[in-house]
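In case you want the letters, here they are:
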Amino acid sequence: MFAVGATVAAASDSGGSGSSGTSSRAPGRYSPDAGFARDMAVHHQQAVEMSFIVRDRTEDEPVRSLAYDIANTQANQRGMLLGWLDLWGLPKVIADEPPMSWMAASDGEAGEAGTGGDGGHHGHDMGAAKPGALMTGMATKEELAALGAARGRDAEVLYLQLMTDHHKGGVAMARGCARQCATPAERALAQGMVEAQQSELTLMADMLKQRGAAPRG
């Protein structure tokens, strides 16, 4: 909890400081910094949900250990992202903001948006999400129901396939923030997500192969 608090505090200081040592120019409402925080918090929540589902549906220790690690890591990161939004005085949900619309900003617009302005409201959905999924990589309600109904090896394989898709979508989003976000602490978190999830993608491919399966697509 101390580490989470320290990271959130670092984000509040990273936009420049006045006499109080706090940020004088918080990210704008539609900036990449805020958009990534909102969208990745939602993305992470589903990963946590899927991980808890599979832990109750298999006795396989490698899968259960992976699921625990993913749930723990992404729940903590989600707390950081939501904490930053609170510090910046920004809403956690915006009804008229399409998911991942912040990724449509050009590099120049992103830089301006991250230093305090709203940066424009970009309505293009860059998610390329499959039908029934909120964002790229996310599972549909039907897929979550199938995971909940599966047991043993079937649950393990489906979880690994769904989480592989989920991580690929998460990596794309995190790379977008690493390029476009103006808050140093948030960029560092995003780059850490890229590296950690790429490592887990390799691990999950191996785990699928051990079960006679492969990633989807």
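Residues numbered from 1 in each chain as written. Predicted model: local features only at pLDDT ≥ 70, side-chain atom pairs only at ≥ 80, totals over all residues. Heavy atoms only, no water.

With that out of the way, let us pick up the packing of helix 3 (residues 61-87) against helix 6 (residues 152-180). Packed helices, taken two at a time, are described by the angle their axes make and the gap between the axes. With their axes 11 Å apart at the nearest point, helix 3 and helix 6 run at an angle of 35 degrees to one another. Judged by the twist between their axes, the crossing of helix 3 over helix 6 is left-handed. Taken together, the residues of helix 6 that come into contact with helix 3 (itself represented by Val 63, Leu 66, Ala 67, Ile 70 and Gln 74) are Glu 156, Tyr 159, Leu 160, Met 163 and His 167. By residue class, the composition of the contact of helix 3 with helix 6 is seven nonpolar, two polar and one charged. (Axes fitted to C-alpha atoms, helices over the stretch in contact; angles between N-to-C directions. Helix = DSSP H or I, 4+ residues; strand = E, 2+ residues; numbered from the N terminus. Left-handed = near helix turned anticlockwise from the far one by under 90°. Contact = heavy atoms within 4.5 Å. Nonpolar A, V, L, I, M, F, W, Y, C, P; charged D, E, K, R; others polar.)

Counting across every chain of the model gives two aromatic pairs. Centre to centre, the rings of Phe 36 and Trp 102 are 5.7 Å apart; their planes meet at 80 degrees, and the pair counts as edge-to-face. With Phe 36 in helix 2 (residues 32-55) and Trp 102 in the loop between helix 3 and helix 4 (107-113), this pair connects stretches of sequence that are 66 residues apart. (Phe/Tyr/Trp six-rings, centres within 6.5 Å; stacked < 30°, edge-to-face > 60°.)

On to the side chain of His 167. By secondary structure assignment, the location of His 167 is in helix 6. Discounting chain neighbours no more than four positions away, the residues touching His 167 are Ile 70, Gln 74, Gln 197, Glu 200, Leu 201 and Met 204.

Remark: helix 3 packs on helix 7 (residues 184-210), axes separated minimally by 12 Å, with the N-to-C direction vectors making an angle of 165 degrees. As judged from the angle between their axes, helix 3 and helix 7 are roughly antiparallel. For the element pair helix 3 and helix 7, the recorded crossing hand is left-handed. Each of Pro 62, Val 63, Leu 66, Ile 70, Gln 74, Gln 77, Met 80, Leu 81 and Trp 84 in helix 3 lies in contact with helix 7, whose residues at this interface are Ala 185, Glu 186, Leu 189, Met 193, Gln 197, Glu 200, Leu 203, Met 204 and Met 207. Residue composition of the contact of helix 3 with helix 7, by class: 13 nonpolar, three polar and two charged. (Parallel < 35°, antiparallel > 145°, perpendicular 65-115°, else oblique.)

Let us look at the side chain of Gln 46. Note on placement: Gln 46 falls in helix 2. The exposure class of Gln 46 is buried, given its relative accessible area of 7%. Here Ala 139 takes part through its backbone nitrogen, which lies 2.7 Å from a polar atom of the side chain of Gln 46. If near-sequence neighbours (up to four positions away) are discounted, Gln 46 is found in contact with Met 138, Ala 139, Leu 144 and His 166. (Buried < 20%, exposed > 50% of the residue type's maximum accessible area, 1.4 Å probe, protein only. Polar contact = N/O pair within 3.5 Å; in protein donor to acceptor, adjacent residues only side chain to side chain.)

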